[in-house]
Amino acid sequence: MEKLKFCGLNFSGLSKNAILNSNASFQQIVTVGAEFIIEAHKNDLLKNIINENISTFDGQVPYFFAKLKNRNFKFEKISGADFIYDICKRAKEEKGRVYFLGGYEESNRGSVMRLRDAGVEADGFVTGFIPYPFPIDRLNEIRLKISQFNPTYLFVGLGMGKQEYFISENRAFLESCGVRIAIGCGGTMDVFSGRIKRAPRWMQKSGLESLYRVIKEPNMARFKRVLSTFKFLKYINE
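Description of the structure in this document. Source: prediction; values computed, not measured.

### What about the overall build of the protein chain?
Then, in step 1: Assigned secondary structure in the protein chain consists of 13 helices and 8 strands.
Then, in step 2: In the protein chain, buried positions account for 50% of the 238 residues.
Then, in step 3: When contacts within the protein chain are restricted to residue pairs at least 6 apart in sequence, long-range pairs at least 24 apart make up 70% of them.

### Re unusual backbone geometry
Then, in step 1: A cis geometry characterises the amide bond from tyrosine 132 onward to proline 133, with omega recorded as 5°.
Then, in step 2: Inspection of the secondary structure assignment puts proline 133 in the loop between strand 6 (121-125) and helix 7 (136-149).
Then, in step 3: Of note, the phi angle at lysine 95 is positive, near 55°, even though the residue is not glycine.
Then, in step 4: Tracing the chain through its elements places lysine 95 in the loop between helix 5 (80-94) and strand 5 (97-102).
Then, in step 5: Its identity is not glycine, yet asparagine 150 carries a phi of approximately 50°, on the positive side.
Then, in step 6: Among the structural elements, asparagine 150 can be located in the loop between helix 7 and strand 7 (153-157).

### Observations regarding the packing of aromatic side chains
Then, in step 1: What the rule picks out here adds up to 16 aromatic pairs.
Then, in step 2: Measuring from centroid to centroid gives 5.2 Å for phenylalanine 57 and phenylalanine 75, while their planes differ by 35°, and the two rings are tilted. Here phenylalanine 57 is found in strand 4 (residues 54-57), whereas its partner phenylalanine 75 is found in the loop between helix 4 (60-69) and helix 5, with 18 residues between them in sequence. The pair phenylalanine 57 / phenylalanine 75 is uniform in exposure class, with both members buried.
Then, in step 3: Every member of this aromatic cluster is reached through a ring pair, and the members are Phe6, Phe11, Phe57, Tyr63, Phe73 and Phe75.
Then, in step 4: Between the NZ or CZ atom of lysine 67 and the centre of the ring of phenylalanine 75, over which it lies, the distance is 5.0 Å.
Then, in step 5: For the cation-ring pair, arginine 195 lies above tyrosine 104, with the distance from its terminal atom to the ring centre recorded as 4.4 Å.

### Considerations on the environment of histidine 41
Then, in step 1: Inspection of the secondary structure assignment puts histidine 41 in the loop between helix 2 (34-40) and helix 3 (44-52).
Then, in step 2: With relative accessibility at 23%, the residue histidine 41 sits in the partly exposed group.
Then, in step 3: Histidine 41 sits 32 residues away from leucine 9 along the chain, and the two C-alpha atoms are 9.2 Å apart.
Then, in step 4: In this structure histidine 41 touches Cys7, Gly8, Tyr235 and Glu238, once residues within four positions along its chain are discounted.

Definitions and cut-offs
Starting afresh in each chain, residues are numbered from 1 along the sequence in its written order. Residues qualify for local features only when their pLDDT is at least 70, as the model is predicted, and side-chain atom pairs are given and counted only at 80 or more; totals for whole chains, interfaces and linings, by contrast, use all residues. In computing side-chain properties, one takes all heavy atoms of the structure into account and sets aside hydrogens as well as water. Numbered from the N terminus, helices here are DSSP runs of H or I no shorter than four residues, and strands are runs of E no shorter than two. Each residue is assigned to one of three classes by its accessible area relative to the maximum for its type, calculated with a 1.4 Å probe on protein chains only: buried under 20%, partly exposed between the two thresholds, exposed over 50%. For this analysis, residues touch if any pair of their heavy atoms sits within 4.5 Å. Each aromatic pair joins two rings of Phe, Tyr and Trp (for Trp, the six-membered one) with centres within 6.5 Å, and gets the label stacked for planes under 30 degrees apart, edge-to-face for over 60, and tilted for any other angle. Lysine and arginine charges are scored as sitting over a ring when NZ or CZ, respectively, is within 6 Å of the ring centre and within 35 degrees of the ring normal.

Put into structure tokens, the structure is as follows:
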């Protein structure tokens, strides 16, 4: 599989069609934005997961600089907030099953209902905001819920890092349940369910989507994260 090196990381999810039409029995998708790049340079586990799986560009600013440095290389920006629609469309076409793990209760339930209303088999489970790794009893409960549903596609909204660790550490189990694509989706369920309105298209294209989220859900921690995201630029020549 063709890869692009940017900020010291390997990006191999360069085309939506290539991901969706892959013959691989299981794919872990990591949508890498500026925060991921920064954290990966402090966290070898996350870095290895990014490098060893299907990693895509998520975030207009990293994507812009990657295009600037690789003018003759064709690749797409594939964010979780966009890719969820492609996967759900494919699930409907192929009668696949979609499972949502994590997120807020309202967002998880709303995402499930949106797909069911569209004629797609879907279900979900809210883990609660507890530290990872999960206690063994909670992990067993999660595994039981997933195995009973046998999803084709799994969206994991546990936040950066936790969701990637969960998918990676449970890879063999998820594959045995029939999961073909597992993707860490962060706050995508909030938007997909309608709990939070997505930024206008012009803000998405301008790299201001995170700022819009701060405006909609203001808190100091989120604002500080937005300000810190440009720190990824110090890795741009790696």
